[in-house]
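# Architecture at a glance
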Amino acid sequence: PKFRFKFADAGALAPPLISFSEVAFSYSGKKEDYLFNNISFGVHPKSRIVLVGPNGAGKSTLLKLMVGEHAPCEGTVSCRSGLSIGRFHQHSAEVLDLTQSPVEYISTRYQHKIPSNREQEWRAVVGNYGIPVDYHFEPMSKLSDGLKMRVALCEIQLQNPHILLLDEPTNPADMEMIDSLAEAINAFQGGVVVISHDFSLLSKIAEEIWVVDHGLKVFDGDIREYKNTLKQPKDKKGTK
């Protein structure tokens, strides 16, 4: 059987979930270094936004501004009261306690979800995210990067997020996991912002394409059209 999972419905919140008002930011604080300047937007409960653009242009920085990890140099970033954010980033698997097993890690952090704390119920929770039975009680240091990613996604689901912020979630994933993630995103009742270079994922989920490159702008077209724009400069140089 194919591996499938889903994110829980945390309930509705009034839009926007996250809003930017005339935001400017640079790491140095200097205007001449601004990655963004005077940007305003809202992320809504039904948003399916993908952030694209060259490496180092500020895609991950934009997500860090959304969660308050960075403060804007100008303008304001606001989050709806009571907002729960499910965040996956490139180092999510690295912050897992690898000395613990998947069942131990999840059950000790989210015991309030299953007050009876019965082992079989926790095994079902991690099993729903595709962790093989043989690894339920093995130290996570023995898990592949792909399985560690599944533990991280399982933890996000237990946080009952209203919005998902996913930064390169497919790096350790195989095609089955990418397909499952796309289905879970499309079925999710909250907002989604994704950074990914994986066009197989983006083609399944993208509804709004925001280009981060010397600022922020909305691309007028679908993800296939955006992908074609990436080929044009190379074609002019005679490369494939």
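Just above sits the structure.
Just so you know, these numbers come straight off a predicted model, no measurement behind them.

## Quick word on unusual backbone geometry
A cis amide bond, omega -5 degrees, links P15 with the succeeding residue P16. Mapped onto the elements of the fold, P16 is located in the segment before β1 (18-25). The residue E168 is not glycine, and still its phi comes out positive at about 50 degrees. Looking at the element boundaries, E168 is found in the loop between β6 (163-167) and α5 (175-187).

## Here's the deal with helix α1 (residues 59-66)
Within α1, six of the eight residues are buried, leaving the element largely enclosed by the surrounding structure. For α1, every residue scored as buried is listed here: K59, T61, L62, L63, L65 and M66. Following α1 by one or two positions, G68 has its phi on the positive side, about 85 degrees.

## Comments concerning the environment of H197
With respect to the helices and strands, the residue H197 is situated in the loop between β7 (191-195) and α6 (199-205). Between the C-alpha atom of H197 and that of P54, which follows or precedes it by 143 residues, the distance is 9.8 Å. In this structure, H197 is in contact with G53, N55 and E168, ignoring residues within four places of it in sequence.

## Describing the side chain of H162
Along the chain, H162 turns up in the loop between α4 (145-158) and β6. Among all residues touching H162, those that are not within four sequence positions of it are A10, G11, L13, L17, G82, L83, S84, F188, G190 and G191.

## Some words on the layout of surface pockets
If you add up the space inside the largest pocket, you get close to 170 Å³. Around the largest pocket, the lining comprises 13 residues; the ones closest to its centre are Q90, A93, E94, D145 and P172. For the lining of the largest pocket, the element with the highest residue contribution is α4, accounting for three residues. Residue classes in the lining of the largest pocket are distributed as four nonpolar, five polar and four charged.

Procedures and definitions
- Residues numbered from 1 in each chain as written.
- Predicted model: local features only at pLDDT ≥ 70, side-chain atom pairs only at ≥ 80, totals over all residues.
- Heavy atoms only, no water.
- Helix = DSSP H or I, 4+ residues; strand = E, 2+ residues; numbered from the N terminus.
- Buried < 20%, exposed > 50% of the residue type's maximum accessible area, 1.4 Å probe, protein only.
- Contact = heavy atoms within 4.5 Å.
- 1 Å grid on protein atoms, 1.4 Å probe; cavity = no way out; pocket = protein on both sides within 12 Å on 5 of 7 lines; lining within 4 Å.
- Points joined across faces, edges and corners; volume = space filled by probe spheres on them.
- Nonpolar A, V, L, I, M, F, W, Y, C, P; charged D, E, K, R; others polar.

Geometric values such as these leave the question of function open.
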